[in-house]
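Structural description and commentary
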Amino acid sequence: MDDIEDAQDLPSKNALDTASWRREVHALYLAIRAEPDPATAHALWVGTRSRLFLEHPASPRREGQSLRHAPYDPAFRFVVPVEPAEQEPWEFRSATDGVVPFRGAGRVALDGLGTLDLWWLDSYGGGLFLPVRDGSAGQETYGAGRYLLDTVKGTDLGRDGEDRWMVDLNFAYNPSCVYDYRWVCPLAPAANRFEARAAVGELLPEGYDA
């Protein structure tokens, strides 16, 4: 829900509302990183995100929509190093922001699922970005993919003492364009797609209209 995005034909969000939204997201992920039990952290994430989605003035929600989340499944939690990788730059084009450049920051391997490329937002502010599209896309989850990490917006699950990254698909969340087609969001490129099914995290919402 908290993604790198722009919008066309949408009423401008109040700047203070947007700042409040981002502050709440940063605080949520700080609490998640501090919680030693992943299932408890996930319950906190689900409850807080659902509340923000329904109540916050900066929510992308449209009338009749509410979030749906799969139960926590520890099989989809990975603690992995970021390995060097050959990656071509990736550019996302939008009508309002023009070209949004990304460059490769490495690759993570998720046992039994596949690999995902980690990207650096190569413009003002910077940040690591990890999108994913799995085999459940288009049926149980959004067809164009979801987000796992977006550190410029605070969605950061953290690292362990060996500098390995927490990549937990139970925390995969939808971009704002799922809720309102007028949003424009960067989606998972080819290097961030795998065939294995991972129907955990945020599912298609109630009230979803394709």
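Here, every reference points to the structure presented above.
Let me begin by describing the structure that accompanies this report. Since this is a predicted model, take the numbers as computed values, not measurements.

All right, on to the overall build of the protein chain then. If you tally the helices and strands in the protein chain, you get two helices and nine strands. Listed N to C, the secondary structure of the protein chain is β-α-α-β-β-β-β-β-β-β-β in terms of helices and strands. Expected size for 210 residues packed as a compact globule is a radius of gyration near 17 Å; at 16 Å, the protein chain falls within 12% of this value. Based on the C-alpha atoms only, the size of the protein chain along its principal axes is roughly 45 × 40 × 30 Å. Evaluated residue by residue, the protein chain yields a buried proportion of 48% over its 210 residues. Considering only contacts within the protein chain whose residues lie at least 6 apart along the sequence, 66% involve residues at least 24 apart. Taking the 21 positively charged and 33 negatively charged side chains of the protein chain as two groups, their mean positions are separated by 3 Å.

Turning to the nonpolar core, a few remarks are in order. Leu110, Leu148 and Leu169 are the most contacted members of the largest nonpolar core, which totals 52 residues. Per-element accounting of this core gives the leading share, five residues, to helix H1 (residues 15-34).

Attention now moves to H1. Between its first and last C-alpha atoms H1 spans 29 Å; for 20 residues at 1.5 Å apiece the expected length is 28 Å, and the two agree. Among the residues of H1, Ser20, Trp21, Val25, Leu28, Tyr29 and Ile32 are the ones counted as buried. The buried side chains of H1 occupy one side of the element, clustering within an arc of 165° when seen end-on. In H1, the exposed residues that point more than 90 degrees away from the buried face are Ala15, Leu16, Arg23, Leu30 and Ala34. Of the surrounding secondary structure, the elements contacted by the buried residues of H1 are helix H2 (38-55). The opening residue of H1 is Asn14, an N-cap whose side-chain oxygen sits 2.7 Å from the backbone nitrogen of Leu16.

Quick look at the pairing of strand E2 (residues 77-80) now. Taken residue by residue, a regular strand's side chains alternate between the two faces of the sheet. Side chains Phe78 and Val80 of E2 all project onto a buried face; the interleaved residues Arg77 and Val79 project onto a face where none is buried. As defined by bridge partners, E2 adjoins strand E8 (residues 165-168) across four bridges and the pair is classed as antiparallel. Bridge pairing in E8 links Val79 to Met166.

In the contact formed by H1 and H2, the axes pass within 9 Å of each other and the chain directions differ by 170°. It follows that H1 is roughly antiparallel to H2 by the angle criterion. The interaxial crossing formed by H1 with H2 has right-handed handedness. In this structure, H1 contributes Trp21, Glu24, Leu28, Tyr29, Ala31 and Ile32 to the contact, and H2 contributes Ala41, Leu44, Trp45, Thr48, Arg49, Arg51 and Leu52. Broken down by class, the residue content of the contact of H1 with H2 amounts to nine nonpolar, one polar and three charged.

What the rule picks out here adds up to eight aromatic pairs. Taking 4.7 Å as the distance between ring centres and 55° as the angle between the ring planes, the aromatic pair formed by Phe53 and Tyr179 counts as tilted. Of the two residues, Phe53 sits in helix H2 while Tyr179 sits in the loop between E8 and strand E9 (183-184), which places them 126 residues apart along the sequence. Each member of the pair, Phe53 as well as Tyr179, is classed as buried. Where Tyr147 meets Tyr173, the ring centres are 5.8 Å apart and the plane angle is 85°; that geometry is what we call edge-to-face. Taken together, the residues Tyr147 in strand E7 (residues 146-150) and Tyr173 in the loop between E8 and E9 connect sequence positions 26 residues apart. When sorted by exposure, Tyr147 lands in the same class as Tyr173, which is buried.

What counts and how
Residues numbered from 1 in each chain as written. Predicted model: local features only at pLDDT ≥ 70, side-chain atom pairs only at ≥ 80, totals over all residues. Heavy atoms only, no water. Helix = DSSP H or I, 4+ residues; strand = E, 2+ residues; numbered from the N terminus. Rg over C-alpha atoms; globule rule 2.2 N^0.38 Å. Buried < 20%, exposed > 50% of the residue type's maximum accessible area, 1.4 Å probe, protein only. Contact = heavy atoms within 4.5 Å. Lys, Arg positive; Asp, Glu negative; His and termini not counted. Charge placed at Lys NZ, Arg CZ, Asp CG, Glu CD. Core = buried A, V, L, I, M, F, W, Y, C linked by side-chain atoms within 4.5 Å. Expected span 1.5 Å × (residues − 1). Arc of directions from axis to C-beta. Polar contact = N/O pair within 3.5 Å; in protein donor to acceptor, adjacent residues only side chain to side chain. Pairing = 2+ DSSP bridges. Axes fitted to C-alpha atoms, helices over the stretch in contact; angles between N-to-C directions. Parallel < 35°, antiparallel > 145°, perpendicular 65-115°, else oblique. Left-handed = near helix turned anticlockwise from the far one by under 90°. Nonpolar A, V, L, I, M, F, W, Y, C, P; charged D, E, K, R; others polar. Phe/Tyr/Trp six-rings, centres within 6.5 Å; stacked < 30°, edge-to-face > 60°.

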